[in-house]
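Structure assessment
Spelled out from the first residue to the last, the chains are:
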Amino acid sequence: MKNDRYIIGRRALLRGATLGGSALILSGCDALNESDTFRSALRTAETLNQTVHRSLMDRAALAPEFPASDISPVFKTNGSLTGTSAEYLAHVGTNFADWTLRIDGMVANPMDVSLEMLREMPSRTQITRHDCVEGWSAIAKWQGTPLRLLLQQAGLSARAKYIVFHCADSYGAQPYYESIDLIDAFHPQTILAWGMNGETLPVKYGAPIRLRVERQLGYKHAKYVMRIEATDDLTKFHGGKGGYWEDVGDYEWYAGI
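Given the structure is predicted, the values throughout are model-derived calculations rather than measurements.

**Things to note about the overall build of the chain**
Each helix and strand counted, the chain has eight helices and 10 strands in total. The buried share among the 257 residues of the chain stands at 50%. Long-range pairs, those at least 24 residues apart, make up 71% of the contacts in the chain with a sequence separation of at least 6. Accessible area of the chain: about 11,600 Å², with a carbon and sulfur share of 55%.

**Overview of the confidence of the model for the chain**
Taken residue by residue, the chain gives an average pLDDT of 85. The fraction at 70 or more is 77%. Scored below 50 in pLDDT, residues 1–33 shows 61 contacts in the model against residues more than four places distant or in partner chains.

**Re the sheet that holds strand β6 (residues 174–181)**
Taken together, five strands build an open sheet; the order of strands is β2-β1-β10-β5-β6 and the sheet is mixed. Lying at the two open borders of the sheet, with one neighbouring strand each, are β2 (111–114) and β6. If you compare each strand with its neighbour and ignore which way they point, the axes differ by 20° on average. The sheet contact formed by strand β5 (residues 162–171) and β6 spans seven bridges and is antiparallel. Along β6, the bridge assignment pairs Ile163 with Ile180. Across the sheet, helix α6 (residues 147–154) touches β1 (100–105), β2, β5, β6 and β10 (225–231), and the angle it forms with β2 is around 140°.

**Quick word on the pairing of strand β3 (residues 124–131)**
Every other side chain in a regular strand lies on the same face of the sheet, so the side chains alternate between the two faces. The sheet contact formed by β3 and strand β4 (residues 137–146) spans eight bridges and is antiparallel. Looking at the pairing, Arg124 lines up with Gly144 of β4. Between the end of β3 and the start of β4, which pair antiparallel, lie five residues, with Gly135 showing a positive phi angle near 110°.

**A look at the pattern of salt bridges**
By the definition in use, this model includes 12 salt bridges. Measuring nitrogen to oxygen at the nearest pair gives 3.0 Å for the salt bridge that ties Arg227 to Asp104. In this pair, Arg227 is assigned in strand β10 and Asp104 in strand β1, connecting sequence segments 123 residues apart. Look at the salt bridges and you will find they share partners, linking Arg102, Asp104, Asp112, Arg227 and Glu229 into a network.

**A few points about the nonpolar core**
Core analysis: the biggest nonpolar cluster contains 56 residues, and Leu101, Leu150, Phe165, Leu192, Ile209 and Ile228 have the highest contact counts within it. Apart from residues lying up to four places away in sequence, Ile209 is in contact with Trp99, Leu101, Leu115, Leu118, Leu192, Ala193, Trp194, Leu201, Lys223, Tyr224 and Val225. Within the second largest apolar cluster, six residues are counted, among which are Tyr177, Leu234, Phe237 and Tyr254.

**A short note on α6**
Buried within α6 are the following residues: Leu147, Leu150, Leu151 and Ala154. Viewed along the axis of α6, the buried residues span an arc of 100°, placing them on a single side of the element. Note on α6: the residue one or two positions beyond its end, Gly155, has a positive phi of about 75°.

**Brief notes about the packing of aromatic side chains**
One pass over the structure, following the stated rule, counts 13 aromatic pairs. Taken together, a centroid distance of 5.6 Å and an interplanar angle of 65° make the contact between Tyr171 and Trp245 edge-to-face. Taken together, the residues span a long stretch of sequence, with Tyr171 in strand β5 and Trp245 in helix α8 (residues 244–249) at a distance of 74 residues. With relative accessibility at 15%, the residue Trp245 sits in the buried group. Taken together, the ring pairs connect Tyr171, Tyr176, Tyr219, Tyr244, Trp245 and Tyr251 into an aromatic cluster.

**Some thoughts on the environment of Glu252**
With respect to the helices and strands, Glu252 occurs in the segment after α8. Taking the C-alpha atoms as reference points, Glu252 and Leu217, 35 residues apart in sequence, are found 9.8 Å from one another.

**Quick look at the side chain of Gln126**
Tracing the backbone shows Gln126 in strand β3. A residue is classified by how much of its surface remains accessible, and Gln126, at 1% relative accessible area, is buried. Not counting chain neighbours up to four residues away, the residues in contact with Gln126 comprise Glu65, Ala140, Lys141, Trp142, Pro188, Gln189, Ile191, Arg212 and Glu214.

**Quick word on unusual backbone geometry**
Look at the link from Ala207 to Pro208: it is a cis peptide, with omega at 5°. The phi angle at Asn95 is positive, at roughly 55°, despite the residue not being glycine. Here Asn95 lies in the loop between α4 (86–93) and β1. You can call Asn95 exposed: its relative accessible area is 63%. A positive phi is found at Asn197, a non-glycine position, where the angle reads about 55°. Mapped onto the elements, Asn197 comes out in the loop between β7 (191–196) and β8 (199–200). Overall, the relative accessible area of 32% leaves Asn197 in the partly exposed class.

Analysis parameters
- Residues numbered from 1 in each chain as written.
- Predicted model: local features only at pLDDT ≥ 70, side-chain atom pairs only at ≥ 80, totals over all residues.
- Heavy atoms only, no water.
- Helix = DSSP H or I, 4+ residues; strand = E, 2+ residues; numbered from the N terminus.
- Buried < 20%, exposed > 50% of the residue type's maximum accessible area, 1.4 Å probe, protein only.
- Contact = heavy atoms within 4.5 Å.
- Areas by Shrake-Rupley, 256 points an atom, 1.4 Å probe, with all protein chains shown as cover.
- pLDDT = per-residue confidence, 0-100.
- Pairing = 2+ DSSP bridges.
- Axes fitted to C-alpha atoms, helices over the stretch in contact; angles between N-to-C directions.
- Salt bridge = Lys/Arg side-chain N within 4 Å of Asp/Glu carboxyl O.
- Core = buried A, V, L, I, M, F, W, Y, C linked by side-chain atoms within 4.5 Å.
- Arc of directions from axis to C-beta.
- Phe/Tyr/Trp six-rings, centres within 6.5 Å; stacked < 30°, edge-to-face > 60°.

As C-alpha cells, then:
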C-alpha cells in the first residue's frame with residue numbers, strides 16, 4: 001500500500017508538471033516550456049527522485065509481481081500502434097522472419113540477433129503492473145530475454161554507462177528512442193519482451209520486442225526496438241536528454257517508481 005501511495009503521488013506530480021509541460025508543447029503554447037525556472041524545477045525533482053532510489057532503496061529490489069488472476073482484462077494501448085520505418089513495415093509483412101536486433105556501440109562483439117535466437121535463450125516470465133504517466137495502470141504477463149544476457153554476450157565495455165534503445169516508430173520527423181543506466185540494464189526484471197499474456201507480442205504493443213524496465217514509468221518501456229547501443233554519453237543522441245519525451249517535453253530521464 002505504501003508503494004501504491006508513492007506511485008499515485010509521483011504520477012500526480014508528473015501530470016501536474018512534466019506532462020503539463022509536454023502538453024503545452026503539443027498544443028503550441030510554450031510559455032512554461034521556455035521558462036528556465038520551470039525546467040530547472042523539473043530537473044531538480046528528477047535529481048531528488050534518482051538520489052532517493054539509488055541511495056535509500058535496494059538497487060536489486062524487485063518491482064511487485066502479481067498472480068495470474070490479477071491480469072487486466074484490457075491493457076490500454078498508447079503511443080505508437082506500429083513501427084513506421086520502411087524496414088519495420090517490411091518485417092511485419094513477413095511476420096518478422098528475417099528481423100534481427102542489432103547490438104553495438106561500446107561492446108567488444110557487436111551482434112545481430114534474430115527473434116528465434118532470442119526465444120531460444122534463457123527467458124524470464126513476470127506479471128507486473130505498467131504505470132503510465134497519463135494516469136492509468138494495467139497488469140500483464142510478459143515473457144522475454146533478460147537484457148543482461150545479451151550485454152554479457154556482446155562484451156560490454158567497462159567504459160559504457162548507458163544503454164540506448166533505437167526504435168522503429170517516430171513522432172513526426174523524430175524517431176523514438178529511450179535509454180537506461182547499467183543498474184537498470186542488469187536488473188533481473190529488465191527484459192526484451194517477445195511474449196505477452198501467453199501469446200506472441202502483438203504489433204500494437206511493440207512487436208517483435210519491447211523493453212520492460214519494471215521499476216520505471218511506462219514511457220521508458222520502449223516499443224519496436226530495432227537496435228541497442230552501449231554508450232558513455234547521452235548528449236550525442238537526438239536532443240541529448242536520453243529519450244524522445246525527455247527531449248521534447250522535459251519528462252524525467254530517470255522515471256523510477
